[in-house]
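# Residue-level structure breakdown
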Amino acid sequence: MSLTRTALLRASKSQWLQQQVTHRSFTRRAVSKFMPGERVEDALAAAEGLAAQKLGAVFTQLGEDLTSLAEADGVRDHYLAVFDKIKARGIAGHVSVKPTQLGLNLSPEACARHLDTLAAKSAATGIFFWIDMEDSTYVDRTLDLYRGLRAKYDLVGIALQSYLRRTPRDLESLLPLKPRIRLVKGAYMEPGDVAYPVKRDVDNAFFDLGDEMLAHAAKGDLWPIFGTHDLNLVQRLANRAAERGVRDGAYEIHMLYGIRSAEQRELVASGRVVKTLISYGSAWFRWYMRRLAERPANILFVMKSVLSR
Ligand code: FDA
């Protein structure tokens, strides 16, 4: 892992830094590159703009590691309303949540109840429901939560991270569920015995896991989503999909709002199904630091925002 990435991921946990930067107007301007606004209405309006370009949307409210269960109740109620808003506006959208945003670190039982309530709402509205994967200390609990939901609901999926050494085993263990899986590289700071420290290994693992997912998609046993901006990997996996006879609509590519926007449109034009994950909310500090860590060149963007004050 590069020193800059390590420093940025470490900084993402600093309360002091969070307090320093979140109210500065220049940081808020820089953050707007990655999110259309803090309100869900900003995200919904952005999704309508994307729909005109044949891009679907995935909505997520920022926030993680809550400090009280009352906050988790509020997050659940917020998402219940979001399902209704997506449906009312006729948007081709999904919803994605982090388990710690629903209290996983405070009460696994409460988190399971909230996820069940949201999955039931997803089933009632026909809107797909995703569970994000957080740092490696949460993986077992998150997989268990997904297994519980998948036993009851169809429209639920989970993210797996290719940087984790354990992920091939986790993928295999989920296969009997005919899962919906969003494969991502992984965004957290992890020890070397848990996650591959070298990016090339993470990329290779992504291709191998993606290919395995396509092999199961070809049998109708798995619905793969590739959550990456790595166009080389996207192309290689699209080629494998064609070789394995997986049609274009039987897998999707998901990217983040504000990243590779032109390429997202080009992929749609070439027949791929693409969705843009749109984040919103005021708790953006940790999430934003992870985006900087993914591409330290983004720091230049922040500096330019500072200079153009
Ligand atoms: P990689 O880092 O190799 O980047 C490829 C190219 O994409 C770069 O050269 C650059 O041009 C561009 N790029 C990538 N990140 C950029 C950025 N921040 N700013 C500007 N350009 C950038 N993680 C996780 O741990 N749990 C999760 O649940 C999710 N969920 C999720 C959903 C979706 C839809 C996406 C796209 C990503 C996630 N992630 C995630 C984040 C993921 O783990 C990973 O950190 C980022 O996607 C960056 O890795 P890439 O695969 O894009 O490739």
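Basis of the calculations
- Residues numbered from 1 in each chain as written.
- Predicted model: local features only at pLDDT ≥ 70, side-chain atom pairs only at ≥ 80, totals over all residues.
- Heavy atoms only, no water.
- Axes fitted to C-alpha atoms, helices over the stretch in contact; angles between N-to-C directions.
- Helix = DSSP H or I, 4+ residues; strand = E, 2+ residues; numbered from the N terminus.
- Parallel < 35°, antiparallel > 145°, perpendicular 65-115°, else oblique.
- Contact = heavy atoms within 4.5 Å.
- Nonpolar A, V, L, I, M, F, W, Y, C, P; charged D, E, K, R; others polar.
- Near = heavy atom within 4 Å.
- Polar contact = N/O pair within 3.5 Å; in protein donor to acceptor, adjacent residues only side chain to side chain.
- 1 Å grid on protein atoms, 1.4 Å probe; cavity = no way out; pocket = protein on both sides within 12 Å on 5 of 7 lines; lining within 4 Å.
- Points joined across faces, edges and corners; volume = space filled by probe spheres on them.

Here we take up the packing of helix H5 (residues 69-88) against helix H6 (residues 108-125). The contact between H5 and H6 brings their axes to 10 Å, and the two run at 5°. Considered as vectors, H5 and H6 are oriented roughly parallel to each other. Across from Leu69, Ala72, Asp73, Arg76, Tyr79, Leu80, Phe83, Asp84 and Lys87 in H5, the residues of H6 making contact are Ala110, His114, Thr117, Leu118, Lys121, Ser122 and Thr125. Of the residues that constitute the contact of H5 with H6, the class distribution is 7 nonpolar, 4 polar and 5 charged.

So, about the site of the ligand. Inspection of the region around the ligand gives 26 residues, with Gly186, Lys199, Thr228, His229 and Glu294 positioned closest. Lys185 has a polar side-chain atom sitting 2.7 Å from an oxygen atom of the ligand. Take Ala187: an N or O atom from its main chain is 3.0 Å from an oxygen atom of the ligand. Elements with a minimum of two residues in the shell around the ligand: strand S4 (156-161), strand S5 (180-184), strand S7 (252-256) and helix H12 (285-294). Of all the elements, S7 adds the most residues to the shell around the ligand, at 3 residues. Each residue belonging to the shell around the ligand can be placed in one class, and the counts come to 10 nonpolar, 7 polar and 9 charged.

Roughly 1,300 Å³ of internal volume is contained in the largest pocket. Broken down by element, the residue count for the lining of the largest pocket peaks at 5 residues, all from H12. In the lining of the largest pocket, the residues fall into 22 nonpolar, 12 polar and 14 charged.

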